[in-house]
Amino acid sequence: MSIVLGDREYFKDVKKIKFEGKDSKNPFSYRFYDENKIVLGKKMGEHFKFAVAYWHSFVNPGNDPFGVGTKSFPWSKSSDPFQNACDKMDAAFEFISKLGLKHFCFHDFDLIEEGSSLSESEKRLEKITSYAKEKIKESDINVLWGTANLFSNPRYMNGAATNPEFDILSVAAAQVKNALDVTIELGGENYVFWGGREGYMSLLNTDMKRELDHLAKFLHLSKDYARSQGFKGCFFIEPKPMEPTKHQYDFDAATVIGFLEHYGLDKDFKLNIEVNHATLASHTFQHELQVAANSNMLGSMDANRGDYQNGWDTDQFPNNIYEIVESLLVIIQSGGFQGGGINFDAKTRRNSIDLNDMFYSHIGAIDLFAKGLLITEKILNDSEYSKLLQERYASFDVGKGKDFEDGKISMKDLYQHASKLKEPKLISGRQELFENIINRYI
Ligand code: XUL
Ligand code: CO
């Protein structure tokens, strides 16, 4: 059966977004994002690999716990789920290409509505995958990562891979198998596991050790299956400390790295770090990136921001230049993302109901990262920042300090060195000076 692609234009008012330079007042232009500009040795576009999140932009109509959706999308109006899915995909590809981006991320049932049985869902996924393959072929848009939604269906109320019921765990496994098949079929570059409801509400009814063992087995089986199907990409775990469960098992980067190493998953899995998840864990985003980078596991990031006054995952589009510059310092100095890129896991506010709002939000965020990268380049190349940081550790570059780093000195050697010292001189951390240098370039 030959596939006929839809030809409706959904965003008629908007032409392709172009780079117009920093003085542009055109809200449909980039002021800093110049895809092919070489910055720090690489094209801007390659540093970032921006991706649009299917769920926030094309599926979620803006419902919240107090009210139904406010956004009436012109796609997905048919009573036929396949037609809806094709319309949604046409809109998504039009939007992504008008932004001049090359990637998107999806959950299985963002692509098409879940069926009433596993086999019905599987048929639907097969159909929309064929359609997506054609859309990918006729564009230069690819899948940054795919994933399975293992948290919306009521069957997952007690978790998926960590559910106390084996039958539910196996339904989750079937769903992951299908989502992996779709990701592989579409040439997806990576696959994400966000532990949607993998956690607990009360420890009283929870055997935590057993649930963690199950989660590790589940991830091993998923990885082995994907590899057996020829998947060469990276698997990412996305840490989050809470919400929807009181305590999520993938709490933060350090917890996840410990888990991966403990269960022998550290060769295949890296991390997808999300801004608002970091702040929910009482860390800065920069901290989480650095922890991942320390273990050579900085795979990808989900870009958004939280709200200083709210204690939940508000998933707002990023707009804080200080946070982005400090984060880019970590990302660039650790050699960039391994396999992944920057997925806009962010939603426009519930009252931002125009289609144009989807453009403003993405343009603003893309430009923020581009501006941040230009600032980062200046800080690293023109300022005394790197030198000052290096100097702070200069006592480990020579003599006994170097021997210590090289593992050539014992506890007794340290004792003898200390015994010969008077009280060591105190040296300032000069935090404000470091902050001033960053500010000089912002
Ligand atoms: C939830 C979240 C998810 C994952 C993908 O907080 O971030 O959207 O990124 O399941
Ligand atoms: Co996310």
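1. So, the overall build of the chain
Right, so step 1: Tallying secondary structure elements over the chain gives 16 helices and 14 strands in all.
Right, so step 2: On C-alpha atoms alone, the chain measures out to a radius of gyration of 24 Å, which is about the 22 Å that the 2.2 N^0.38 rule sets for 442 residues.
Right, so step 3: Seen through its principal axes, the chain has C-alpha atoms that stretch 85 × 60 × 45 Å.
Right, so step 4: Scored against the burial criterion, the 442 residues of the chain give a buried share of 48%.
Right, so step 5: Long-range pairs, those at least 24 residues apart, make up 76% of the contacts in the chain with a sequence separation of at least 6.
Right, so step 6: Summed over all atoms, the accessible surface of the chain reaches about 22200 Å², with 52% contributed by carbon and sulfur.
Right, so step 7: If you average the places of the 53 positive and of the 64 negative side-chain charges in the chain, the two averages end up 4 Å apart.

2. Focus on the site of ligand 1
Right, so step 1: In the vicinity of ligand 1, the contacting residues are Trp 55, His 107, Trp 145, Trp 194, Glu 238, Lys 240, Glu 274, His 277, Asp 302, Asp 313 and Asp 345.
Right, so step 2: Within the side chain of Glu 238, an N or O atom sits 2.7 Å from an oxygen atom of ligand 1.
Right, so step 3: His 277 places a polar side-chain atom, nitrogen or oxygen, 2.9 Å from an oxygen atom of ligand 1.
Right, so step 4: Burial of ligand 1 by the protein amounts to 93% of the accessible area it has alone, namely 290 Å².
Right, so step 5: Grouping the amino acids of the shell around ligand 1 by side-chain chemistry returns three nonpolar, two polar and six charged.

3. Details of the packing of aromatic side chains
Right, so step 1: Under the defined criterion, the tally for this structure stands at 33 aromatic pairs.
Right, so step 2: Here the aromatic rings of Phe 95 and Phe 359 are separated by 4.7 Å at their centres, their planes lie at 65 degrees, and the arrangement is edge-to-face. Taken together, the positions of Phe 95 in helix 3 (residues 81–98) and Phe 359 in helix 12 (residues 355–382) put the pair 264 residues apart, joining distant regions of the chain. Side by side, Phe 95 and Phe 359 carry an identical accessibility label, which is buried.

4. Topic: helix 7 (residues 208–228)
Right, so step 1: With 21 residues, helix 7 extends 30 Å between its outermost C-alpha atoms, agreeing within 8% with the 30 Å of an ideal straight helix rising 1.5 Å per residue.
Right, so step 2: Those residues of helix 7 that fall on the buried side of the exposure criterion are Glu 211, Leu 212, Leu 215, Ala 216, Phe 218, Leu 219, Ser 222, Lys 223 and Ala 226. Seen along its axis, helix 7 keeps its buried residues to an arc of 160 degrees; they face one direction. Helix 7 presents Lys 209, Arg 210, Lys 217, Leu 221 and Ser 228 as exposed residues on the side facing more than 90 degrees away from its buried surface.

5. Some words on the coordination of the cobalt ion (ligand 2)
Right, so step 1: Here the cobalt ion (ligand 2) is held by the protein donor atoms Glu 238 (OE), Glu 274 (OE), Asp 302 (OD) and Asp 345 (OD), which lie 1.9 to 2.1 Å from it.
Right, so step 2: Because the angles between the six donor atoms bound to the cobalt ion (ligand 2) fall within 80 to 173 degrees, the donor set is best described as octahedral.
Right, so step 3: On the primary sequence, the residues serving as donors to the cobalt ion (ligand 2) are separated as E-x35-E-x27-D-x42-D. Of this pair, Glu 274 sits in strand 12 (residues 269–274) while Asp 302 is found in strand 13 (residues 298–303), placing the two residues 28 residues apart along the sequence.

6. Structural notes on the environment of Lys 246
Right, so step 1: You can see Lys 246 is positioned in the loop between strand 10 (234–238) and strand 11 (247–248).
Right, so step 2: Residue Lys 246 is classed as exposed on the basis of its relative accessible area, which comes to 58%.
Right, so step 3: Residues Lys 246 and Tyr 200, 46 residues apart in the sequence, show an inter-C-alpha distance of 6.2 Å.
Right, so step 4: Residue contacts for Lys 246: discarding those within four places in its chain leaves Tyr 200, Met 201 and Pro 241.

7. So, the domain arrangement of the chain
Right, so step 1: When the domains of the chain are assigned, the result is domain 1 (18–382) and domain 2 (385–441).
Right, so step 2: For domain 1 and domain 2, the distance between their C-alpha centres works out to 39 Å.
Right, so step 3: Of the residues lining the interface, nine residues belong to domain 1; the matching set on domain 2 comes to five residues.
Right, so step 4: Between domain 1 and domain 2 the total buried area reaches about 710 Å² when both faces are included, carbon and sulfur atoms providing 67% of it.
Right, so step 5: At the surface where domain 1 touches domain 2, the tally comes to one residue pair in polar contact (both at pLDDT 80 or more).
Right, so step 6: Counting only elements with at least two residues in the side of domain 1 that touches domain 2, the list comes to helix 11 (321–333) and helix 12.
Right, so step 7: When residues in the side of domain 1 that touches domain 2 are grouped by element, the largest group, five residues, is from helix 12.

8. Some points on the sheet that holds strand 7 (residues 142–147)
Right, so step 1: The strand order around the closed barrel formed by eight strands is 5-6-7-8-10-12-13-14, and the pairing between neighbours is parallel. Adjacent strand axes in the sheet meet at a mean angle of 30 degrees, parallel and antiparallel pairs treated alike.
Right, so step 2: Taken together, the three bridges between strand 10 and strand 12 define a ladder with parallel strand orientation. Opposite Phe 236, over in strand 12, you have Lys 270 as the bridge partner.
Right, so step 3: Across the sheet, helix 7 lies against strand 8 (190–194), strand 10 and strand 12, angled at about 155 degrees from strand 10, the strand it touches most.

9. A few points about the pairing of strand 13
Right, so step 1: Most of strand 13 is tucked away: six of the six residues are buried.
Right, so step 2: Where strand 12 and strand 13 come together, four bridges link them in parallel fashion. In the strand pairing of strand 13, Ile 273 is matched with Met 301.
Right, so step 3: Pairing of strand 13 with strand 14 (residues 342–344), which is carried by three bridges, proceeds in the parallel orientation. Its bridge partner lying in strand 14, Ala 303 is registered against Phe 344.
Right, so step 4: Taken together, strand 13, helix 11 and strand 14 form a β-α-β motif whose crossover is right-handed.

10. Some details on the pattern of salt bridges
Right, so step 1: Scanning all chains against the criterion turns up 20 salt bridges.
Right, so step 2: Where Lys 177 meets Asp 181, a salt bridge forms, and the shortest distance between an N and an O atom there is 2.8 Å. Here Asp 181 and Lys 177 lie together in helix 6 (residues 166–185), a separation of four residues that amounts to about one turn.
Right, so step 3: With a shortest N-O distance of 3.1 Å, Arg 227 and Asp 268 are connected by a salt bridge. Placement of Arg 227 in helix 7 and of Asp 268 in the loop between helix 8 (253–262) and strand 12 is noted, with a sequence separation of 41 residues between them.
Right, so step 4: Residue class for Arg 227 comes out partly exposed when judged on its relative accessible area of 31%.
Right, so step 5: One salt-bridge network, in which partners are shared between bridges, spans Lys 223, Asp 224, Arg 227 and Asp 268.

The rules behind the values
- Residues numbered from 1 in each chain as written.
- Chains lettered and ligands numbered in written order.
- Predicted model: local features only at pLDDT ≥ 70, side-chain atom pairs only at ≥ 80, totals over all residues.
- Heavy atoms only, no water.
- Helix = DSSP H or I, 4+ residues; strand = E, 2+ residues; numbered from the N terminus.
- Rg over C-alpha atoms; globule rule 2.2 N^0.38 Å.
- Buried < 20%, exposed > 50% of the residue type's maximum accessible area, 1.4 Å probe, protein only.
- Contact = heavy atoms within 4.5 Å.
- Areas by Shrake-Rupley, 256 points an atom, 1.4 Å probe, with all protein chains shown as cover.
- Lys, Arg positive; Asp, Glu negative; His and termini not counted.
- Charge placed at Lys NZ, Arg CZ, Asp CG, Glu CD.
- Near = heavy atom within 4 Å.
- Polar contact = N/O pair within 3.5 Å; in protein donor to acceptor, adjacent residues only side chain to side chain.
- Nonpolar A, V, L, I, M, F, W, Y, C, P; charged D, E, K, R; others polar.
- Phe/Tyr/Trp six-rings, centres within 6.5 Å; stacked < 30°, edge-to-face > 60°.
- Expected span 1.5 Å × (residues − 1).
- Arc of directions from axis to C-beta.
- Donors = N, O, S within 2.8 Å, 3.2 Å for Na, K, Ca; no water.
- Tetrahedral: all angles 85-135°; square planar, octahedral: opposite > 155°, others 65-115°.
- Domains from an automatic or database assignment.
- Buried area = accessible area lost by both parts, 1.4 Å probe.
- Pairing = 2+ DSSP bridges.
- Axes fitted to C-alpha atoms, helices over the stretch in contact; angles between N-to-C directions.
- Right-handed = clockwise from strand over helix to strand, strands pointing away.
- Salt bridge = Lys/Arg side-chain N within 4 Å of Asp/Glu carboxyl O.

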